[in-house]
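# Observations on chain architecture
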Amino acid sequence: MNFDFSDDQKMLKEQVRKFLGDKCGYDVVRKHLEGKDAYDAGVWKGLVDMGLTGTAIPEAYGGLGLGALELCVIAEELGRSAAPVPFSSSIYLAAEAIKLFGTEEQKQKWLPKLASGEAVGTLAMGEGLKAANPRNIETSFANGKVNGVKQPVADGEAADVAVVVVNSGGSGEGAISLALVDLKAGGVTAEALRIIDPTRPHAQLTFKDAPAELMGPAGQGWSQLQRVLDGAAVLFAFEQVGGAEASLEMAKEYALERYAFGRQIGSYQAIKHKLADMYVKKELAKSNAYYGAMMLNDEGSELTEAAAASRIAGNDAYVFAAQENIQTHGGIGYTWESNCQFHYRRAKLLALTVGASAQWKEKLVSRLEAKNAA
């Protein structure tokens, strides 16, 4: 079985890498780390002009009509450059949720705007420090209105539309629904949050009688959310593979150019072992991500297990590589002037996006136990 990408997909990857290499260097990332812009408008416009925001959106709704595999190769390059753009929240989460579970009217209204970059979308799921589950979703939906507080919400200040996880009445999973909220229609206030990676800003969204529409029948939101998160987990895993690879390359280049006691530090066994461990974890994450991509593209029966494995391995590889990159650079790696921090910040942020590793480990074990029992 061939798990590799096609020639066309590899060509797409090369084009995205070239564009981001030219337009989204670490100087651009630093500008957003030190500034207040929600995202880089120039890089975002370039991605839109290339049609990348419409990659997996059907042609009937203004997209390119491609698939999950094309999104995966784009995600890997976005992760490699630590790009300060709202691609993940708008495309992996909002657009996919609307495409999968929105009504025809909702698709007609929002998918063309998301594909063209006219609108930015997001997913409002969490309500504070607790992991989202059916028992602690307090944001309510009743009579076409949403009330409650969601945080942290990726790109919450910049977003135009949000898929909001709400309690629509009842108990357990049957109480949860997905609601679509036009964030510019009133009833919503956004407040910026301080987070470890300011290049991917998050916000607290407060809903007060905000007009909303349910996405599909009430009470199906929890199962819908899990499908959206499974797909996003695979795509984030590719971002993490790209980030881990960039961290490894950064560490290797420094190890070859830095001399200590008359020798390249890369010639010392301690540094060699660091780089080798980074490579092994990155390759393990890559193999899991590739399997997740196949399951996502084919809507395979093992998508949940593959997504969880991708998520766990991606978290482990990127955080480890980002940390070891700093260690390889030594004292200079800890300074504000060093570029090592960009991947460390992004790795820590992505490790919590769509749920921490502990949640995905529990999900994976539960699925495997259920299959074994069956």
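Residues numbered from 1 in each chain as written. Predicted model: local features only at pLDDT ≥ 70, side-chain atom pairs only at ≥ 80, totals over all residues. Heavy atoms only, no water.

### A word on the overall build of the protein
What counts, and what does not: Strands are runs of DSSP state E lasting at least 2 residues, helices are runs of H or I lasting at least 4, and numbering of each runs from the N terminus. Each residue's exposure class comes from its accessible area (1.4 Å probe, protein chains only) as a fraction of the maximum for that residue type: buried when under 20%, exposed when over 50%, partly exposed otherwise. Residue contacts are counted whenever heavy atoms from the two residues lie within 4.5 Å of one another. Note on areas: Shrake-Rupley with a 1.4 Å probe; residue coverage comes only from the protein chains shown.
Helix and strand counts for the protein stand at 11 helices and 9 strands. Principal-axis analysis of the C-alpha atoms places the extent of the protein at approximately 75 × 50 × 40 Å. Looking at the protein residue by residue over its 374 residues, the buried ones come to 55%. Of the contacts formed within the protein by residues at least 6 apart in sequence, a portion of 74% connects residues at least 24 apart. When the accessible area of the protein is evaluated, it comes to approximately 16,400 Å², of which 52% is carbon and sulfur surface.

### Focus: the nonpolar core
Rules: In this description, a nonpolar core means a group of buried Ala, Val, Leu, Ile, Met, Phe, Trp, Tyr and Cys residues linked to one another through side-chain atoms lying within 4.5 Å.
If you look at the biggest cluster of nonpolar residues, it comprises 110 residues, and the most contacted ones within it are L47, L78, F87, Y92, V181, F207 and F238. In terms of residues, this core owes the most to one element, helix 7 (residues 221-257), which gives 17 residues. For Y92, the residues in contact, after removing those within four places along its chain, are A75, L78, F87, V228, A232, L235, F236 and E239.

### A short note on the environment of V28
Here V28 shows up in helix 2 (residues 26-34). Residue V28 is classed as buried on the basis of its relative accessible area of 13%. When the C-alpha atoms of V28 and K272 are compared, they prove to be 31 Å apart, with 244 residues separating the residues in sequence. Those residues in contact with V28 that sit more than four places away from it in its chain are K23, D40, V43 and P84.

### A short note on the pattern of salt bridges
Note the cut-off: The term salt bridge refers to a pairing of a side-chain nitrogen on Lys or Arg with a carboxyl oxygen on Asp or Glu at a separation within 4 Å.
Following the criterion strictly, the structure yields 23 salt bridges and no others. D22 is the salt-bridge partner of K18, the closest N and O atoms lying 3.2 Å from each other. With K18 and D22 both in helix 1 (residues 7-23) and 4 residues apart, this pair spans about one turn of that helix. Overall, D22 belongs to the exposed group, its relative accessible area being 53%. Three or more residues are tied together by salt bridges with common partners; here these are R17, E77, R80, E245, E249, K282 and E283.

### With respect to a nonpolar patch on the surface
Note the cut-off: Candidates for patches are residues over 30% relative accessible area with no salt bridge; among them, like charges are joined within 9 Å and nonpolar side chains (Val, Leu, Ile, Met, Phe, Trp, Tyr) within 5 Å.
A contiguous nonpolar surface patch, about 290 Å² in accessible area, is contributed by Y279, V280 and L284. Within the element layout of this structure, Y279 appears in helix 8 (residues 269-298). For Y279, a relative accessible area of 43% translates into the label partly exposed.

### Focus: the packing of aromatic side chains
As a reminder, the rule being used: Ring geometry is summarised as follows: Phe, Tyr and Trp rings, the Trp one being its six-membered ring, pair when their centres sit within 6.5 Å, and such pairs are stacked at plane angles under 30 degrees, edge-to-face over 60 and tilted between the two. Either the NZ atom of lysine or the CZ atom of arginine qualifies as a charge over a ring when it sits within 6 Å of the ring centre and within 35 degrees of the ring normal.
Enumeration according to the criterion identifies 7 aromatic pairs in this entry. Between F5 and Y290, the ring centres sit 5.0 Å apart and the planes meet at 70°, which makes this aromatic pair edge-to-face. With F5 in the segment before helix 1 and Y290 in helix 8, this residue pair connects regions lying 285 residues apart in the sequence. Given a relative accessible area of 16%, Y290 falls into the buried group. Each ring, one from Y39 and one from W44, has its centre 6.0 Å from the other, and the planes form 65°; the classification is edge-to-face. When its relative accessible area of 23% is taken as the criterion, Y39 is described as partly exposed. Site record: aromatic cluster; members linked through ring pairs are F5, F238 and Y290. Looking at K113, its charged tip hangs above the ring of W110, at a distance of 5.0 Å from the centre. Above the ring of Y268, the side-chain terminus of R263 is found at 4.3 Å from the ring centroid.

### Section: unusual backbone geometry
Residue P152 is bonded to the preceding Q151 through a cis peptide linkage, with omega at 0°. If you check the backbone angles, A82 has positive phi at about 50° while not being a glycine. With respect to the helices and strands, the residue A82 is situated in the loop between helix 4 (68-81) and helix 5 (87-101). Looking at A82, the relative accessible area reads 1%, which means it is buried. A positive phi is found at D155, a non-glycine position, where the angle reads about 55°. By secondary structure assignment, the location of D155 is in the loop between strand 3 (145-154) and strand 4 (161-167). Overall, D155 belongs to the buried group, its relative accessible area being 2%.

### A few points about the packing of helix 9 (residues 303-329) against helix 11 (residues 357-373)
For the record, the criterion: All axes are obtained by fitting lines to C-alpha atoms, using only the stretch in contact for helices, and the reported angles, taken between N-to-C directions, cover 0 to 180 degrees. Two helices that cross are described as forming a left-handed crossing if the nearer one is turned anticlockwise from the farther one by less than a right angle, and a right-handed crossing if clockwise. Three residue categories are used. Nonpolar comprises Ala, Val, Leu, Ile, Met, Phe, Trp, Tyr, Cys and Pro, charged comprises Asp, Glu, Lys and Arg, and polar comprises the others, including Gly.
It is the contact of helix 9 with helix 11, at a shortest axis distance of 9 Å, that shows an interaxial angle of 145°. Seen along the crossing, helix 9 lies across helix 11 with a hand that is left-handed. Of helix 11, the residues touching helix 9 (which contributes T304, E305, A307, A308, R311, I312 and N315) are S357, W360, K361, K363, L364, R367, L368 and K371. Broken down by class, the residue content of the contact of helix 9 with helix 11 amounts to 6 nonpolar, 3 polar and 6 charged.

### Side note on helix 11
Since the α-helix advances by 3.6 residues per turn, residues separated by three or four positions end up pointing in the same direction. Rule in force here: Here the expected length of a helix is defined as 1.5 Å per residue gap, with one fewer gap than residues.
Taking 1.5 Å as the rise per residue, helix 11 with 17 residues should run 24 Å; its terminal C-alpha atoms sit 24 Å apart, in good agreement. In this fold, the buried residues of helix 11 make contact with helix 7 and helix 9.

### Structural notes on the pairing of strand 7 (residues 202-214)
Here is the rule: Pairing between strands is defined by DSSP: at least two bridges between them are needed.
Summarising the sheet, strand 3 and strand 7 pair through 7 bridges and their orientation is antiparallel. Considered in strand 7, the bridge of A154 is made with H202. Strand direction decides the pairing type here: strand 5 (residues 176-182) and strand 7, joined by 3 bridges, are antiparallel. Bridge pairing in strand 7 places L180 opposite E213. Bridge count for strand 6 (residues 188-192) against strand 7 is 5 bridges, and the pairing is antiparallel. By the bridge assignment, T189 is partnered in strand 7 with T206.

Function cannot be read off these values alone, since they describe shape.
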